[in-house]
Amino acid sequence: EAGVTQFPSHSVIEKGQTVTLRCDPISGHDNLYWYRRVMGKEIKFLLHFVKESKQDESGMPNNRFLAERTGGTYSTLKVQPAELEDSGVYFCASRGRYLDGYTFGSGTRLTVV
Amino acid sequence: EDKVVQSPLSLVVHEGDTVTLNCSYEVTNFRSLLWYKQEKKAPTFLFMLTSSGIEKKSGRLSSILDKKELSSILNITATQTGDSAIYLCAVEAGNAGNNRKLIWGLGTSLAVNP
């Protein structure tokens with residue numbers, strides 16, 4: 001079984017540019033989560049999809065962040081326009097409908113300069 | 001505010017030593033506590049604990065939850081250099097349905113020297 005795949009693995013962009021991160025969950029997993037780790041801080045929850053619906057987006061920092069999961073398969077997280085404080089590692093995780101363990105992707109390291 | 005605190009933040013031991021990592025939490029709507037190991041890339045799942053006092057074991061690793069003390073420990077016996085990693089503790093919080101999320105500690109960085 002393929003794991004959770006994220007790309008790109010690294011992205012360096014200039015302040016004000018747009019970046020789109022992608023996450024492919026484990027096939028058949030209804031639950032998809034985005035988390036972010038800013039350097040020196042804990043990993044923080046961003047949002048949770050159940051299939052294509054946003055179950056909880058309480059962790060999204062502001063309206064520069066837009067997450068989608070059209071068709072309930074892969075998800076994208078767009079940051080527009082990027083700011084310096086958006087730098088960090090963005091993790092995606094998926095989980096089956098029976099709420100077993102969370103499987104994480106390798107993360108996308110975003111650097112905004 | 002919900003929080004998870006891990007200690008120590010970093011630890012250096014010699015191969016063969018036994019280590020105990022700590023995780024304490026203050027979280028409303030506690031559902032479970034999870035341990036992950038992170039080397040270079042994705043955090044990999046170690047244990048999920050929901051019941052107090054029941055030890056979970058996997059090889060040289062074991063973990064137990066104490067809901068009275070709001071804490072958990074992760075033990076690693078006979079450490080090996082391959083155990084060097086960041087060990088992350090996360091508490092799953094939420095209601096009985098599917099509206100849950102993980103609250104993370106900072107992690108313990110473990111270095112095992114040969």
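As shown above, the structure is provided for reference.
What comes next is a walk through the structure.

Reading the values: rules and limits
- Residues numbered from 1 in each chain as written.
- Chains lettered and ligands numbered in written order.
- Predicted model: local features only at pLDDT ≥ 70, side-chain atom pairs only at ≥ 80, totals over all residues.
- Heavy atoms only, no water.
- Helix = DSSP H or I, 4+ residues; strand = E, 2+ residues; numbered from the N terminus.
- Buried < 20%, exposed > 50% of the residue type's maximum accessible area, 1.4 Å probe, protein only.
- Contact = heavy atoms within 4.5 Å.
- Pairing = 2+ DSSP bridges.
- Axes fitted to C-alpha atoms, helices over the stretch in contact; angles between N-to-C directions.
- Buried area = accessible area lost by both parts, 1.4 Å probe.
- Salt bridge = Lys/Arg side-chain N within 4 Å of Asp/Glu carboxyl O.
- Polar contact = N/O pair within 3.5 Å; in protein donor to acceptor, adjacent residues only side chain to side chain.

### Topic: the environment of Leu 49 of chain B
Residue and element names in this part refer to chain B. Within the element layout of this structure, Leu 49 appears in strand 5 (residues 44-49). According to the relative accessible area criterion, Leu 49 is buried, its value standing at 1%. For the pair Leu 49 and Val 4, spaced 45 residues apart in the sequence, the C-alpha separation amounts to 15 Å. Discounting residues that sit within four places of it in the chain, Leu 49 has contacts with Phe 30, Ser 32, Leu 33, Trp 35, Ile 54, Lys 56, Ser 63, Ile 64, Leu 65 and Ser 72.

### A closer look at unusual backbone geometry
Backbone torsion omega between Phe 7 of chain A and Pro 8 of chain A reads 0 degrees, so that peptide bond is classified as cis. As for its placement among the helices and strands, Pro 8 of chain A is situated in the loop between strand 1 (5-7) and strand 2 (10-13). Going from Ser 7 of chain B to Pro 8 of chain B, the amide bond is cis rather than trans, its omega being -10 degrees. Here Pro 8 of chain B shows up in the loop between strand 1 (3-7) and strand 2 (10-14). Backbone geometry places Lys 51 of chain A, a non-glycine residue, at a positive phi of 55 degrees. Assignment of secondary structure puts Lys 51 of chain A in the loop between strand 5 (43-50) and strand 6 (53-56).

### With respect to the sheet that holds strand 8 (residues 75-79) of chain A
Residues and elements named next belong to chain A. Taken in spatial order, the four strands line up as 1-3-8-7 in an open sheet, and their pairing is antiparallel. Each edge of the sheet is formed by a strand with only one pairing partner; in this case those strands are strand 1 and strand 7 (65-68). The sheet shows a mean angle of 15 degrees between the axes of neighbouring strands, taken without regard to direction. Bridge analysis of strand 1 against strand 3 (residues 19-24) gives three bridges, and the strand direction is antiparallel. Across the sheet, residue Phe 7 finds its bridge partner in strand 3, namely Arg 22.

### With respect to the interface of chain B and chain A
The interface is formed by 19 residues belonging to chain B together with 22 residues belonging to chain A. Between chain B and chain A the total buried area reaches about 1800 Å² when both faces are included, carbon and sulfur atoms providing 53% of it. The three residues of chain B that bury the most area against chain A are Asn 98, Trp 104 and Leu 106 of chain B, which together make up 32% of that side's buried surface. Remark: the boundary between chain B and chain A carries two salt bridges. Here Lys 101 of chain B and Asp 56 of chain A are joined by a salt bridge, their closest N and O atoms 3.8 Å apart. Put simply, chain B and chain A have six residue pairs in polar contact (both at pLDDT 80 or more) between them. Counting residues per element, the side of chain B that touches chain A draws most heavily on strand 10 (residues 100-104) of chain B, at four residues.

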